[in-house]
Amino acid sequence: MVFFGYNLTKKPFVHYAVVSAQGKLLRSVPIDLEVPVMMHDMGATENYSIILELPFTFRPERVLNRESVFGFEEKRPSRYGFIPRHGTNQNQIKWLQGPSCYLFHVLNCYEKDKDNVVMYACRSERSTSYGLLTGNTEILNDKPTLSYLYRWDFDLAAETVKETQISSFACEFPRINDLMTGYYSRYGYVMRLRPLNSPEFDALVKYDFGDGEGAVKSETFEFGADEAVGEMIFVPRQGATLEDDGYLMTFVYNNKTQATYFVVLDARNLTAVVQTSAAEYLCEKGDTCQMCTSAGGGTAGYPGNAVVARVPIPRRVPYGFHSKFISQQQITH
């Protein structure tokens, strides 16, 4: 496992570390930055780990001007540090510089060859951490602070950075089949942000990147008008041989009925034609269950036959941020 840690108050502001499969810390590499930054994620490929030094900085002296200690510095560039996966010294880092931006979550990274690396992530022009760190939540519809799916092409030999916008809508919580982490992945999934003054997500969008060089396709699964969802995770089907053969899972909350559901979707059939009734997918009460059929229409109110399960939860489950599926086999072993 590779990971990073950052410190806002003393140098070195960042450490990059590697842990063995047995849980032993193999190495921790201190990395000197000019100023501490809000660092939420990193990238990883077969041979590199990517440190994201983005200009969302921490400066305690800002309080003297009655400002938040966190601030986005638009005139500072974004820096991407490529350290060998098993690097032992910060002098081994290859730094590339790109336009000022911010990103919370990386979809995936992979190497086209030894000098060319691709990264997909949700990018915003600037950030206030959705107002949580600055105290200003009035900016949630401010387009420069909203995240859109982007592609980065890094040329380590030429020291160039190219950015390409993929999504036309605001989105977050990108996920893939985790078995493909660090390698080329054809499919990716993001949650579409509802255009309201709150960070609610109302749809899942599946991207098909093809061979990674041509046109990008997408399909969208929309939840109910009164529903919002958390992060969606991909779980491979047992015995699957295709990258997208599996399930997409999340919790859904209906703001009107105040009901929570655990929803499982078929990742390969998000926009398929309805072939079965809602009762076949739901709880033992079938279509007489008010909680299961409250949305009305389609398969439990959803289009197509993508829904594998829609399970009412007796208590409200907060959306949360991140999740992980752990099988019984993993728990046992």
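The model shown is predicted, which means the values in this text are computed figures rather than measured ones. (Residues numbered from 1 in each chain as written. Predicted model: local features only at pLDDT ≥ 70, side-chain atom pairs only at ≥ 80, totals over all residues. Heavy atoms only, no water.)

What follows concerns the side chain of threonine 57. Position of threonine 57 among the secondary structure elements: in strand β6 (residues 56-58). Polar side-chain contacts of threonine 57 include one of 2.5 Å to the side chain of glutamate 73. Threonine 57 has contacts with Val35, Pro36, Val37, Arg62, Val69, Phe70, Gly71, Glu73 and Arg76, leaving out every residue within four places of it along the chain. (Helix = DSSP H or I, 4+ residues; strand = E, 2+ residues; numbered from the N terminus. Polar contact = N/O pair within 3.5 Å; in protein donor to acceptor, adjacent residues only side chain to side chain. Contact = heavy atoms within 4.5 Å.)

Attention shifts here to the sheet that holds strand β2 (residues 14-19). On the basis of which strands lie adjacent, the open sheet formed by 3 strands has the order β1-β2-β3 and antiparallel pairing. Looking along the sheet, the strands with just one partner apiece sit at the ends: β1 (2-6) and β3 (25-31). On average, each strand axis in the sheet is inclined to that of its neighbour by 20°, with strand direction left out of account. As paired elements, β1 and β2 share 5 bridges and run antiparallel to each other. Opposite glycine 5, over in β2, you have histidine 15 as the bridge partner. (Pairing = 2+ DSSP bridges. Axes fitted to C-alpha atoms, helices over the stretch in contact; angles between N-to-C directions.)

Turning to the nonpolar core, a few remarks are in order. By size, the foremost hydrophobic cluster in this structure holds 51 residues, and its most contacted members are Tyr80, Trp152 and Leu265. Among all residues touching tryptophan 152, those that are not within four sequence positions of it are Tyr80, Cys101, Leu103, Val117, Val118, Met119, Tyr120, Ala121, Arg123, Val161, Lys162 and Glu163. Counting residues in each nonpolar core, the second largest holds 17 residues, with Phe13, Val29, Met39 and Ala44 among its members. (Core = buried A, V, L, I, M, F, W, Y, C linked by side-chain atoms within 4.5 Å. Buried < 20%, exposed > 50% of the residue type's maximum accessible area, 1.4 Å probe, protein only.)

Below, the discussion takes up the environment of leucine 96. Within the secondary structure, leucine 96 is located in strand β9 (residues 94-98). In this structure leucine 96 comes out as buried when scored by relative accessible area, which is 2%. For the pair leucine 96 and aspartate 155, spaced 59 residues apart in the sequence, the C-alpha separation amounts to 8.8 Å. Setting aside residues no more than four positions away along its own chain, leucine 96 makes contact with Ser78, Arg79, Tyr80, Phe82, Phe154, Asp155, Leu156, Glu159, Thr160 and Val161.

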